[in-house]
Each structure stands twice: as C-alpha cells, then as structure tokens.
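Close look at the chain arrangement
Each chain, letter by letter, is given below.
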Amino acid sequence: MLCIYLTVAILQKHCRIIKNVQVLYSEQSPLSHDLILNLTQDGIKLLFDAFNQRLKVIEVYDLTKVKLKYCGVHFNSQAIAPTIEQIDQSFGATHPGVYNSAEQLFHLNFRGLSFSFQLDSWAETPKYEPNFAHGLASLQIPHGATVKRMYIYNGNSLQDTKAPLMPLSCFLGNVYAENIDVLRDGTGPSGLRLRLLTAGCGPGVLADAKMRVFERYVYFGDSCQDVLSTLGSPHKVFYKSEDKMKIHSPSPHKQVPSKCNDYFFNYFTLGVDILFDANTHKVKKFVLHTNYPGHYNFNIYHRCDFKIPLAIKRDSADSLTETCTTYSKWDSIQDLLGHPVEKPVVLHRSSSPNNTNPFGSTFCFGLQRMIFEVMQNNHIASVTLYGPARPCSQLRTSDLSQ
C-alpha cells in the first residue's frame, strides 16, 4: 500500500481530475486516530495508519459517484445497482454476515473486501440459517437491498487489518528509511545509523526486483563526499540565506554576516536534512522530521522513525539512558530528565512576512546538543542534532565491514 507522501503526490499530479480533497486528523491526539484523505468529489476515503502513515483501508462511501469492476465485469455503475443479488453473482458465496445493531448495518465479508448494507428500512433484523450456507441466497435479506459502503483492505478482517509494506513497484529507485538510531558520545549525539530499504531501479528490472535492506552510518564531521557515497544524491540542495536562530547564540560575533552560506542536503524519503559548513564542507547538523499533521512542513518529508538515547542524571546513582522516539511526547521527556528545561524559543513559520501560519507557532527546547521542536499538542515536530566535528583519526564504523 502507498504511504501518504506518495499518495498526496499522485493526487497533486492529477489535480485537474481529482478535486476537493480533505485531510482529516485528530489535532490533539494524532496517533489515536487514522489519518484520512477524503476525496469528496469521488465518494472515497483513504485511511492511513497513524504510526507508519501507510494506506490501510480504502472506503467507498458513495457508490453513486464511481464505477466499480471485479475481474473486468462491472458490479456497480449507472446501469448496474450494487444489490445483494449483484454482489452474489459477481463475488460468489461468503460466510454468514454480521449485523451491527448500533449502525443498523449488515456486513458481508470476503477476504480483503467488505460490503455494508443499510437496514433501517427493513421490518426486522435479518435472519439466516447457520446450517445452510451455500451462498448469499441462504441469508434472508430482502431482494434489492443495495450496498451502502464498501471497504478494501489487507487480510481477513477489517477490524484486524494492518497497513502492509509498501509494494516494490512504488520504490521507483528511491531509498527509504525503515528506522534511524542516533549515536552518541559522552556529551551528546555523534552521528546516525540508518537502516535503509530499497528495490531494483531502472528499466527492465522491476520483474526481478527484491527488497534490499542495508545499514549506513553518517557522522558529524563527515565530508560532503562521504555523505554522497554513503546515502547517494539528495533530492534537493538548499542554501541558507540567514540563520534566524543566530540571535540566541552566545557568540559575540553572531551578528557578523557570513561571506558564504551553509547548505542542506534534503533527503525527503528518509525524513532527514543534513547541514554542511560552507567553509569546511563537513556535516555540522542533522534534522529529523516526524511528519505530524498540523505542522507547517507536513508531507514534505516521510516520517523519520528515530530513536534517541538521552542521558538521565539521578542523585542517588550514575546517569541512566532513556530512549526518545518519534512518538514520544515532550512532557514525558521532561519527566525523564527530572529537572525543568530552559524556557523555549518560539518559532513562527510563514511563506512570507505578511502571511500567517494556520497551524500556529512551535516551541524549541535545547537539550544535550539537540533542539526539540514541539507542537502545541505536545508532540515532537523535529529534532535538530548538532555537535563538534569528528576527529579525522576516528575510524568509521562502515570501514570495519569492508
């Protein structure tokens, strides 16, 4: 199934045909409900898993707006109504259905496919003979009952379905991050360990394509050439025009303009930005994006599924290590630290000075050579890692495997 990043890209490409798309999500609890793209013009909802953001369920809630086929034969169109008899003829026998009295819907389930029939006009709850199940005809349903909703999903049950892995045909030569571990030294982060996924690319290889899984390491102080050989070419290179956080720096030269600009390598499918120093061309920062809905940069990046070790100091024992993840909330991180964090820097984002960010401001907290950008719902929008350059004499972990 597609991820939301690719799905939105497809919808944008066909914006002249597919119009009026709504994005539905829980503003306060984005992980407790599915992320939904509602194609109102077509009567279709695309439900994405809140955690991995891959397509989980396709719901057709208005069958009058679409034409549907199975094995090349229409079972729903302007000329063909999706009645119980038509479903029986097109799909064959199924197990006895399930009646939901609260919804007044009767559900017929096939593998990966469910139909819901509206029962509010029926005189009584449908009855069926459990010992006689040679097809839908055994269910005592009034003739002409039509489908109210249809669900397409992966697996045997709509209630237990999970979003499958992204199909190989959707990789299109791109590399995706399954997860990213932040490496740390005694004072803070030292680099990233990336577990990457890719499939065959180029013409003529798709039929033999297989998923490839491999690990790569990138450290502070790595050169631009090191990163290119490790991760490949970025999707975009962005040159910084100014550093709006410079005013918060303790350096007395913070107002002195730079003669050249630092630049980012943007890896959108990894959910990572890498900042290089303009003079040395070595890594000085990493930015990890969580891609939560309701953030200004939503759906520019894939979600970066990261794990960050935090050093926790205790009065009665040595320092402990706890893990912060993409799904951690900021108040839980502060509870782990056991002491108040300094007041945040308020970050306003807008496309121009005269525009207002419809999602509001975010708050940036500095901690252990990291900056956590926190949304108003207490979820982490991004984490910026920075630190001293790695000594040239340090042996790269990737070199050990050669």
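Residues numbered from 1 in each chain as written. Predicted model: local features only at pLDDT ≥ 70, side-chain atom pairs only at ≥ 80, totals over all residues. Heavy atoms only, no water.

The name that an unreviewed UniProt entry assigns to the protein chain is Phagophore assembly factor 1, with the source organism given as Pelodiscus sinensis. Taken verbatim from the UniProt record of the protein chain, the Sequence similarities (unreviewed entry) comment is "Belongs to the PHAF1 family." (UniProt positions renumbered as here; feature names shortened; annotations may be inferred.)

1. A few points about the layout of surface pockets
Left-over empty space is what a probe sized like a water molecule reveals as it rolls over the atoms. Empty space within the second largest pocket amounts to approximately 490 Å³. Lining the second largest pocket we find 22 residues, and of these Asn-52, Arg-54, Ala-177, Glu-178 and Leu-197 sit closest to its centre. Of all the secondary structure elements, the ones that give two or more residues to the lining of the second largest pocket are α1 (4-13) and β13 (176-184). Tallying contributions element by element places β13 first for the lining of the second largest pocket, with three residues. Composition of the lining of the second largest pocket by domain shows at least three residues from each of domain 1 (4-153) and domain 2 (171-386). (1 Å grid on protein atoms, 1.4 Å probe; cavity = no way out; pocket = protein on both sides within 12 Å on 5 of 7 lines; lining within 4 Å. Points joined across faces, edges and corners; volume = space filled by probe spheres on them. Helix = DSSP H or I, 4+ residues; strand = E, 2+ residues; numbered from the N terminus. Domains from an automatic or database assignment.)

2. Here we look at the side chain of Ser-328
In this fold, Ser-328 is placed in the loop between β21 (320-325) and α4 (330-337). Here Thr-325 takes part through its backbone nitrogen, which lies 2.9 Å from a polar atom of the side chain of Ser-328. Beyond its immediate stretch of four places on either side in the chain, Ser-328 contacts Thr-323, Ile-333, His-379 and Ile-380. (Polar contact = N/O pair within 3.5 Å; in protein donor to acceptor, adjacent residues only side chain to side chain. Contact = heavy atoms within 4.5 Å.)

3. Regarding empty space enclosed by the protein
Using the criterion set out here, one finds two cavities of 30 Å³ or more in the structure. Reported here for the largest cavity is a volume of approximately 60 Å³. Together, Tyr-25, Pro-30, His-33, Asp-34, Leu-35, Asp-49, Ala-50, Gln-53, Tyr-292, Pro-293 and Arg-303 line the largest cavity. Of the residues in the lining of the largest cavity, the class split is six nonpolar, two polar and three charged. The wall of the second largest cavity is formed by His-289, Asn-291, His-295, Asn-297, Phe-298, Tyr-301 and Ala-381. By residue class, the composition of the lining of the second largest cavity is three nonpolar, four polar and no charged. (Nonpolar A, V, L, I, M, F, W, Y, C, P; charged D, E, K, R; others polar.)

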